[in-house]
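Listed here are the chains, written in short residue letters.
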Amino acid sequence: MGATTNAEVGAAPRFHLHPEVEAMPRERLAALQAERLRATVRNAYANVPLHRTRLDAAGVKPEDIRAAADVRLLPFTLKTDLRDHYPFGMFARPRGELARLHASSGTTGRPTVVGYTAADIDAWADLMARSLAAAGARRGDVVHNAYGYGLFTGGLGAHYGAERLGAVVVPMSGGATERQIALIVDFGARVLCATPSYALAIAEVAEQQGVDLRNSALEVGLFGAEPWSEAMRREIEARLGLRAVDIYGLSEIMGPGVACECECQAGLHGWEDHFLFEVIDPETGAPVPEGDAGELVITTLTKEALPMLRYRTRDVTKVTTAACDCGRTHLRILRITGRNDDMLIIRGVNVYPSQVEAVLVGLPDIAPHYQLVVERRGSLDHVTVEVEACAGLPHDAYVPVARAVAHHIKSLIGITADVVVKHPGEIPRSQGKAVRVRDLRPKPG
Ligand SMILES: [Zn+2]
């Protein structure tokens, strides 16, 4: 597909922006975590009434925390805690000491509000710069930032990190896709930051315009803020001619840059000098053995304004502490399958939209745009997968293609789904976070 840039970039020497921490021996990392965990628990206990109440109820005092593993003594924090203490009830600093607020739109009810001191913003910029460098970005690169700017953490998070790295930032935000393409070409962007679904939308519009972005200066893409599949990665790499790297973050913990893949593309390094990662059984709350799937739980280690104790991300994943070829010692989070909240249970089978995506991407005759429509029929949940025909597919082929796609979904995921093939361009395109599921089931309560 002409994407030879991947091999060229991969051959470059591994570069660590913060070599003293990125390659720190794991025993020293654990000692650093213990020291920072103690400070975090002291901060939370002294300044956040909710944490103090819960720690008291659990019979845990800040001085009981000695080693990093003592994190297990702490109660969990849930997303609903932030909503219940809207807007500033979880903050450990008075409003006047904050430098910035961000908020999630919140699909139901109150938004989730997060706050940062100047030191928090500074640490975030460092971690995002480290993530960009791990992905292959360098000082002097033009970074085209198509993450949304505003209350969403993606835009400003990537922006500050790119500036901290010494890159040249193009603060484009989402939307106006044709203009994005012109600026990527004209400004010589080497690095693209976007959601994966929007990266694909950029590729598609460029192809329609007759612009071959594989011949542009683009070499590195950092894509995150929504779960995506390995198949989608290959598709984006082939169509944009870059190395597509997965980046992870959530505003409750910081924003983008909590974890990021390195040039090896073999899992996302979770930055353990700033965060303590656990994987638990979501039912029992007990830790699962390394390598087993479970819910990712994160404790912040340096956050001043919003210390988080054992925040339940709802994201399902596995971690490994095995050595990575890049020389970094920080654990790796394997590709996030999906968020528990996004998981559908279709007649007893657990399904994430990203699993359906992995089946769809790469099938002939259909474009990699899709939506799942979930309905209640009688007492059973029913899913319809809406896919889009490739341009030029004859109309009388739609029904046989739909049947073939349904067969693939049945054999690879194990669910029976209706498949509807739509005309090219009929599935709504992402301008940021893609809407993968339309849930038409009656809301409980
Ligand atoms: Zn690595």
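Here's what I pulled together on the structure shown here.

Calculation notes
Residues numbered from 1 in each chain as written. Predicted model: local features only at pLDDT ≥ 70, side-chain atom pairs only at ≥ 80, totals over all residues. Heavy atoms only, no water. Helix = DSSP H or I, 4+ residues; strand = E, 2+ residues; numbered from the N terminus. Rg over C-alpha atoms; globule rule 2.2 N^0.38 Å. Buried < 20%, exposed > 50% of the residue type's maximum accessible area, 1.4 Å probe, protein only. Lys, Arg positive; Asp, Glu negative; His and termini not counted. Charge placed at Lys NZ, Arg CZ, Asp CG, Glu CD. Axes fitted to C-alpha atoms, helices over the stretch in contact; angles between N-to-C directions. Parallel < 35°, antiparallel > 145°, perpendicular 65-115°, else oblique. Left-handed = near helix turned anticlockwise from the far one by under 90°. Contact = heavy atoms within 4.5 Å. Nonpolar A, V, L, I, M, F, W, Y, C, P; charged D, E, K, R; others polar. Donors = N, O, S within 2.8 Å, 3.2 Å for Na, K, Ca; no water. Tetrahedral: all angles 85-135°; square planar, octahedral: opposite > 155°, others 65-115°. Pairing = 2+ DSSP bridges. Right-handed = clockwise from strand over helix to strand, strands pointing away. Phe/Tyr/Trp six-rings, centres within 6.5 Å; stacked < 30°, edge-to-face > 60°. Lys NZ or Arg CZ within 6 Å of the ring centre and 35° of its normal. Core = buried A, V, L, I, M, F, W, Y, C linked by side-chain atoms within 4.5 Å.

It is worth spelling out the overall build of the chain at this point. Looking only at helices and strands, one finds 12 helices and 21 strands in the chain. On C-alpha atoms alone, the chain measures out to a radius of gyration of 22 Å, which is about the 22 Å that the 2.2 N^0.38 rule sets for 445 residues. For the chain, the residues scored as buried account for 54% of the 445 residues in total. When the 49 basic and 54 acidic side-chain charges of the chain are each reduced to a single mean position, those positions are 3 Å apart.

Next up on the list: the packing of helix H11 (residues 353-360) against helix H12 (residues 398-413). For the pair H11 and H12, the least separation of the axes is 10 Å and the interaxial angle reads 125°. With respect to each other, H11 and H12 are oriented oblique. When you trace H11 past H12, the crossing you get is right-handed. When H11 is examined against H12, the residues Gln355, Val356, Val359 and Leu360 are found in contact with a partner set consisting of Val405, His408, Ile409, Leu412 and Ile413. Residue composition of the contact of H11 with H12, grouped by class: 7 nonpolar, 2 polar and no charged.

This next bit is on helix H10 (residues 230-240). Judged by how many residues are buried, H10 sits mostly within the fold: 9 of 11 residues are covered. Directly beyond the C-terminal end of H10, a positive phi value near 65° is found at Gly241.

Moving on, we get to the coordination of the zinc ion. For the zinc ion, every protein donor is listed as Cys262 (SG), His269 (NE2), Cys324 (SG) and Cys326 (SG), and the spread of their distances is 2.1 to 2.3 Å. If you look at the zinc ion, its 4 donor atoms make angles of 101 to 114° with each other, and the shape they trace is tetrahedral. On the primary sequence, the residues serving as donors to the zinc ion are separated as C-x6-H-x54-C-x1-C. Of the residues examined, His269 reaches a relative accessible area of 0% and is grouped as buried.

As a further point, take the pairing of strand S20 (residues 418-422). Of the two faces of S20, the one lined by Val419 and Val421 is fully buried and the one lined by Asp418, Val420 and Lys422 carries no buried residue. Judged from the 5 bridges that link them, strand S19 (residues 380-389) and S20 form a sheet pairing that is parallel. From the neighbouring strand, Val385 faces S20, where its bridge partner is Val419. Handedness of the crossover is the feature at issue here: the chain leaves S19, passes through H12, returns alongside S20, and the resulting connection is right-handed.

One pass over the full model with this rule turns up 4 aromatic pairs. Here Tyr116 and Trp124 contribute two aromatic rings whose centre-to-centre distance is 5.0 Å and whose plane-to-plane angle is 10°, an arrangement assigned as stacked. Residue Tyr116 is classed as buried on the basis of its relative accessible area, which comes to 1%. Judged by relative accessible area, which is 2%, Trp124 ranks as buried. The ring of Tyr160 carries the charged tip of Arg100 above its face, separated from the ring centre by 4.6 Å. Between Arg130 and the ring centre of Trp271, over which it is positioned, the NZ or CZ distance is 5.0 Å.

With that out of the way, let us pick up the sheet that holds S20. Remark on secondary structure: sheet strands pair via backbone hydrogen bonds, oriented parallel or antiparallel. Strand order in the open sheet made by the 4 strands is S20-S19-S18-S21, with mixed pairing throughout. Strand pairing shows two members of the sheet lacking a second neighbour, S20 and strand S21 (437-439), which therefore form its edges. Pairwise comparison of adjacent strand axes, ignoring direction, gives a mean angle of 20° for this sheet. Here H12 sits on the sheet in contact with strand S18 (366-377), S19 and S20, set at roughly 140° to S20.

A word on the packing of helix H3 (residues 26-47) against helix H4 (residues 49-58). Two elements in contact, H3 and H4, have axes whose closest approach is 5 Å; the angle formed by their N-to-C orientations is 105°. When the interaxial angle is binned, H3 and H4 end up roughly perpendicular. Contacts between H3 and H4 involve Val41, Ala44, Tyr45, Ala46 and Asn47 from the former and Pro49, His51, Arg52, Leu55 and Asp56 from the latter. Grouping the amino acids of the contact of H3 with H4 by side-chain chemistry returns 6 nonpolar, 2 polar and 2 charged.

Let's shift gears to the nonpolar core. Tyr248, Ile253, Ile298 and Ile333 are the most contacted members of the largest nonpolar core, which totals 38 residues. Only strand S2 (112-116), helix H6 (118-135), strand S7 (243-250), strand S8 (255-261), strand S10 (275-280) and strand S11 (294-300) provide two or more residues apiece to this core. No other element matches H6, which puts 4 residues into this core. Setting aside residues up to four positions removed in sequence, Ile253 forms contacts with Val258, Phe275, Ile298, Thr300, Lys303, Met308 and Tyr311. Leu372, Val383, Val385 and Ile413 belong to the second largest nonpolar core, which has 28 residues in total.

Moving on, we come to the sheet that holds strand S4 (residues 168-171). The mixed open sheet is built from 9 strands, whose spatial order is S4-S3-S5-S6-S7-S8-S9-S14-S13. The open sheet has two edge strands, S4 and strand S13 (319-320), and neither has a second partner. One ladder, built from 2 bridges, connects strand S9 (residues 268-270) with strand S14 (residues 332-333); its direction is antiparallel. Pairing of His269 across the sheet is with Arg332, part of S14. H6 contacts strand S5 (191-194), strand S6 (220-224), S7 and S8 of the sheet and is inclined by roughly 30° relative to S8. Sitting on the sheet, helix H7 (residues 153-165) is in contact with strand S3 (142-145), S4, S5 and S8, with an inclination near 65° to S8.

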